[in-house]
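Understanding the architecture of this molecule
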Amino acid sequence: PRARRAGADVVVVALHWGDEYQHEPNEQQRALAPALVRSPDVDLLLGHHAHVPQPIERVGGGWVVYGMGNMVAHHGTSDPANEEGLLVRFTFTQARTRWLVTEAAYAPLLVAKSPPPIRLLDVAATLSDGGVDPARRDRLEVAWDRTTEVAGARGGHDHGLTPIAAP
C-alpha cells in the first residue's frame, strides 16, 4: 500500500524465490503468487532465483513471471537449461482508475559462454541470422523450444502471452 500512497500508478514486485534448476514453480510460489497479484497493491510479479525459465501466468488482471532464468552467468552446475532466460515486456494502459496489462510478451535468451566473452543472445534474432553455424543453431532451437514451452506451461499463451519475435 505504501507505493500506491506515494503515487505509484504501477507496482512491480520482484521476488527471490523458487527451487534452483526447476522449471515448475514450487508450492510456495503457486500459493503466494495469486495472493500477491490479486492484491490491489501489486500489478506485476517478477520472480528470480531458479536459474532456469519458469512459467508466465495471468492471474486475475495481473501477471506472474515465476522465474526469468539466467541473463549472464557461468554456473558450476552443468545444465543447458541454466544457460537460458527470459526477457519480458509488459505494456500497461490506463483504464479508468487503474493501469492494466494490455500486452504480455517475452523473448527467449541464451547465455553463450564460448567463444569468450560470455554474451547474452536473443534466441529469435540469432536464429534469424543466416550465418549461424549448425551447432549453435541446434542449441538455439533447443533453447527456443524449451523456453516457449515453459513460458506457456501455466496457460499464459491462452491469455495473450506472445513471443516478442519468432525465428
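Look above for the structure.
These notes cover the structure that comes with them. (Residues numbered from 1 in each chain as written. Predicted model: local features only at pLDDT ≥ 70, side-chain atom pairs only at ≥ 80, totals over all residues. Heavy atoms only, no water.)

The next point concerns unusual backbone geometry. Of note, the bond from Ser114 into Pro115 is cis; its omega dihedral lies within 30 degrees of zero at -5°. A cis geometry characterises the amide bond from Pro116 onward to Pro117, with omega recorded as 0°. Note that Pro117 resides in the loop between β6 (98-112) and β7 (119-122). Positive phi is not limited to glycine here, since Tyr21 has a value of about 65°. Here Tyr21 is to be found in the loop between β1 (12-16) and α2 (27-37). (Helix = DSSP H or I, 4+ residues; strand = E, 2+ residues; numbered from the N terminus.)

Time to look at the nonpolar core. Ile56, Trp63, Val88 and Phe90 are the most contacted members of the largest nonpolar core, which totals 15 residues. At 4 residues, strand β5 (residues 84-95) tops the list of elements feeding residues into this core. Ignoring any residue separated from it by four or fewer positions in sequence, one finds Ile56 in contact with Trp63, Val64, Val65, Leu86, Val88, Phe90, Tyr106, Ala151, Gly156 and Leu161. (Core = buried A, V, L, I, M, F, W, Y, C linked by side-chain atoms within 4.5 Å. Buried < 20%, exposed > 50% of the residue type's maximum accessible area, 1.4 Å probe, protein only. Contact = heavy atoms within 4.5 Å.)

To continue, consider the pairing of strand β2 (residues 44-48). Successive side chains on a regular strand alternate, one facing one side of the sheet and the next facing the other. Burial analysis of β2 places 4 of its 5 residues in the buried class, the great majority of the element. As defined by bridge partners, β1 adjoins β2 across 5 bridges and the pair is classed as parallel. The residue of β2 that forms the bridge with His16 is His48. With α2 bridging β1 and its parallel neighbour β2, the resulting β-α-β unit is right-handed. Here β2 runs beside strand β4 (residues 62-65); their pairing, made up of 3 bridges, is parallel. Residue Leu46 lies in a different strand from β4, and its bridge partner there is Val65. (Pairing = 2+ DSSP bridges. Right-handed = clockwise from strand over helix to strand, strands pointing away.)

Okay, the pattern of salt bridges next. As a working rule, side chains carrying opposite charge can pair if their charged atoms are close by. Summed over the entire model, instances satisfying the criterion amount to 9 salt bridges. Residue Arg146 is joined to Glu84 by a salt bridge in which the shortest nitrogen-to-oxygen separation is 2.8 Å. With Arg146 in helix α4 (residues 134-151) and Glu84 in strand β5, the pair connects residues that are 62 residues apart, well separated along the chain. The exposure class of Arg146 is partly exposed, given its relative accessible area of 26%. Through salt bridges that share partners, Glu83, Glu84, Lys113, Arg139 and Arg146 make up one connected network. (Salt bridge = Lys/Arg side-chain N within 4 Å of Asp/Glu carboxyl O.)

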